[in-house]
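Summary of structural features
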Amino acid sequence: MTLRQLLDGSQKTRSTLKRRLALEEAYRLRGCPPSFLLFQDPPSEALRRHLKTCPWCCEDRDLLMPFAAEALHAGPGGDEKGSKRESAPAEVGDLRRILETFGGWGQRGRYFNPPLVLLVERVRGREDAFRAAQVHDFETLKGPGDIALFSKVFAESWNMLAVGAHHLGPLVRRIDADALAQVRRNASQSPPPVPMVEPTTLAKELHPPKGQKNDYREAFRRLEKDTAAFFANRLLQDLVNKDQRGRLQSALRAHFADGGSLEEAFGSRLVFGGDSEQDSCLHLLLASWMPRALPMAAAGVRQGVFVKRIHLSPPPPRVDPVWAELTVFEETDKGFLVGGKISEPVPEDAEIHALWRMPWGRAVAWEATIDPRTGFFRLLFPEVTKRSALLGNLEILVGRP
């Protein structure tokens with residue numbers, strides 16, 4: 001249906017037009033780069049990719065380039081440090097923006113601008129971290145789980161991420177306790193997950209394949225999920241146990257420049273989904289086993305899970321399923337605790353990484369330790385509860401850097 005037909009159509013088609021226009025604005029707000037990047041001359045490779053799919057930024061560069069000198073020298077987060085010093089400490093109920101310095105380029109030539117978030121509750125066991133709901137003001141795209149905070153502003157109780165106090169800008173507004181309670185209540189109900197598909201461009205969302213219905217609300221929720229996932233991955237690097245940073249992830253990046261090379265190496269054993277441009281460690285964790293790659297589980301074995309054991313050297317790299325018997329699987333005052341023993345030998349300098357697939361996204365183990373001599377490991381997930389701890393959604397990776 002053309003725009004003219006929409007304009008001349010019924011009230012229903014006009015509502016559809018409003019949603020389309022709102023989706024376009026949402027894409028621009030969430031995915032167009034700030035001016036100090038837009039007016040780079042010559043443009044960076046990331047900006048070139050963006051300009052291929054964004055008519056607005058192409059037009060802005062053409063019209064405003066002669067006046068862009070000031071924007072080019074502004075840089076990200078120019079006033080953030082000063083304003084942050086003057087801000088009150090972060091508290092549950094605050095509406096704050098993630099600092100601009102955590103924004104950046106992502107997949108499909110999209111620049112991820114930091115969103116406003118509502119601090120819903122503190123992460124168990126951490127005074128410096130919160131579970132936060134992403135916030136939007138696109139009234140025509142409001143859907144299930146969007147909770148009104150005040151006039152035309154909504155918290156996405158279905159779209160939560162962990163943030164640290166040091167990731168946040170000044171207080172924007174403090175939210176009414178009743179609205180906050182409703183967001184928390186909705187988030188705890190674990191609504192059906194938003195369908196996650198390969199990230200798309202706005203053009204593909206507005207012009208789906210023939211025979212496929214436009215659903216602008218669903219496209220908007222995919223955009224919001226992509227945004228939350230981008231910032232969750234970045235911010236968790238600051239929040240997880242320091243021992244979990246770096247070594248194995250760096251080694252995987254060195255061996256596999258992108259998801260495509262990872263899939264080429266292990267595609268006969270694993271099924272990969274989602275975004276192939278994401279971090280190699282995360283891409284490997286999120287992969288599922290091919291049924292023929294898993295050995296038969298012995299009759300009468302105790303509760304357990306198949307762990308991905310990665311070998312990077314000697315070449316060629318390989319990944320094997322190894323059984324881990326679970327000895328601890330319980331909720332504690334600091335989060336959900338998983339403990340157990342890997343049944344086969346583990347390299348002396350092995351690391352362990354884990355995540356849990358959740359309806360609202362992914363929960364990463366903030367503490368993850370392993371004793372290579374015995375194979376015993378301990379994983380703590382502050383964001384997981386007994387209700388959401390489905391064993392089939394737990395993914396564990398072990399290996400040496």
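This section reports on the structure supplied with the text. Residue numbers restart at each chain and count upward from 1, following the sequence in its written direction. Totals for whole chains, interfaces and linings use every residue, but because this is a predicted model, local features are given only for residues with pLDDT of at least 70 and side-chain atom pairs only at 80 or more, for both listing and counting. The side-chain values count all of the structure's non-hydrogen atoms but skip hydrogen atoms and water molecules.

1. As for the overall build of the chain
Note the following rule: Helix and strand labels come from DSSP, where a helix needs a run of H or I of at least four residues and a strand needs a run of E of at least two; each type is numbered from the N terminus. Buried residues are those whose accessible area, probed at 1.4 Å on protein chains only, stays under 20% of the maximum for their type, while exposed residues exceed 50% and partly exposed ones sit between those limits. We call two residues in contact whenever any of their non-hydrogen atoms come within 4.5 Å of each other. For every accessible area listed, the method is Shrake-Rupley and the probe measures 1.4 Å; residues are considered covered only by the protein chains on display.
Along its length, the chain carries 13 helices and 18 strands. Burial analysis of the chain (401 residues in total) assigns 49% to the buried set. For the chain, restricting intrachain contacts to residue pairs at least 6 apart in sequence, the fraction spanning at least 24 positions comes to 64%. When the accessible area of the chain is evaluated, it comes to approximately 19,900 Å², of which 53% is carbon and sulfur surface.

2. Notes on the pattern of salt bridges
As a reminder of what qualifies: A pairing counts as a salt bridge when a side-chain nitrogen of Lys or Arg comes within 4 Å of a carboxyl oxygen of Asp or Glu.
Under the defined criterion, the tally for this structure stands at 19 salt bridges. Of the charged contacts in the structure, one is a salt bridge between E91 and R122, with a shortest N-O distance of 3.2 Å. Here R122 lies in strand β4 (residues 116–122) and E91 lies in the loop between α7 (80–86) and β1 (94–98), a separation of 31 residues in the sequence. Among the residues examined, E91 registers a relative accessible area of 35% and is labelled partly exposed. The exposure class of R122 is partly exposed, given its relative accessible area of 30%. Linked through salt bridges whose partners overlap, the residues forming this network are R269, R309, R318, D320 and E344.

3. Thoughts on the sheet that holds strand β15 (residues 361–364)
Applied cut-off: Should DSSP find at least two bridges between two strands, the strands are regarded as paired. Fitted lines through C-alpha atoms give the axes, limited to the stretch in contact for helices. The angle between two N-to-C directions lies from 0 to 180 degrees.
A sheet is described by the order of its strands in space; here 8 strands give the open sequence β15-β14-β18-β11-β12-β13-β17-β16, paired in mixed fashion. Of all the strands in the sheet, the pair left with one neighbour each is β15 and β16 (367–371). Direction aside, neighbouring strands of the sheet carry axes that sit 25° apart on average. Note: strand β14 (residues 351–358) against strand β18 (residues 394–399), 6 bridges, orientation antiparallel. By the bridge assignment, E351 is partnered in β18 with G399.

4. A word on the nonpolar core
What counts here: Throughout this description, the term nonpolar core refers to a set of buried Ala, Val, Leu, Ile, Met, Phe, Trp, Tyr and Cys residues connected via side-chain atoms within 4.5 Å.
Among the nonpolar cores identified, the biggest contains 43 residues, and L118, L149, W356, F377 and L379 are the most heavily contacted of them. The contacts of W356, once residues within four sequence positions are left out, are F329, F336, V338, G361, R362, A363, F381, V384, A389, L390, N393 and L394. L270, A287, M290 and F306 belong to the second largest nonpolar core, which has 23 residues in total.

5. Remarks on the sheet that holds β1
Taken in spatial order, the 6 strands make up an open sheet running β6-β7-β5-β4-β1-β8, and their pairing is antiparallel. Because the sheet does not close on itself, it has two edges, and the strands there are β6 (146–150) and β8 (168–174). On average, each strand axis in the sheet is inclined to that of its neighbour by 50°, with strand direction left out of account. The pairing of β1 with β4 spans 3 bridges and is antiparallel. Within β4, the residue paired with L95 across the bridge is L118.

6. Here's the deal with helix α12 (residues 259–266)
Where we set the bar: By arc we mean the arc of the directions from the helix axis to the C-beta atoms, nothing more.
All buried positions along α12 are accounted for by G259, L262 and F266. Summarising the axial view, the buried residues of α12 lie within an arc of 60°, below the 170-degree limit, and thus occupy one face. Where α12 is buried, its residues touch β9 (270–271), α13 (280–286), β11 (304–311) and β12 (318–332).

7. Some words on a nonpolar patch on the surface
Let me state the cut-off plainly: By definition, no residue in a patch forms a salt bridge, and every one has over 30% relative accessible area; like charges are joined within 9 Å, nonpolar side chains (Val, Leu, Ile, Met, Phe, Trp, Tyr) within 5 Å.
Nonpolar side chains collect at one region of the surface, where L63, L64 and F67 lie side by side and expose about 350 Å² of accessible area between them. Looking at where L63 falls in the secondary structure, it is placed in helix α5 (residues 55–64). On the accessibility criterion, L63 (56% relative accessible area) is exposed.

8. Re the pairing of strand β17 (residues 376–381)
One ladder, built from 6 bridges, connects strand β13 (residues 335–342) with β17; its direction is antiparallel. Its bridge partner being in β17, G339 is matched across the sheet by R378. In textbook terms, the turn of a hairpin is the stretch between consecutive antiparallel strands, and for β16 and β17 this stretch comprises 4 residues, one of which, G375, has a positive phi near 85°.

9. Some details on the side chain of S157
The topology assignment puts S157 in strand β7 (residues 153–164). The exposure class of S157 is buried, given its relative accessible area of 2%. Excluding its chain neighbours within four sequence positions, the residues that come into contact with S157 are G145, I147, V183, N186 and A187.

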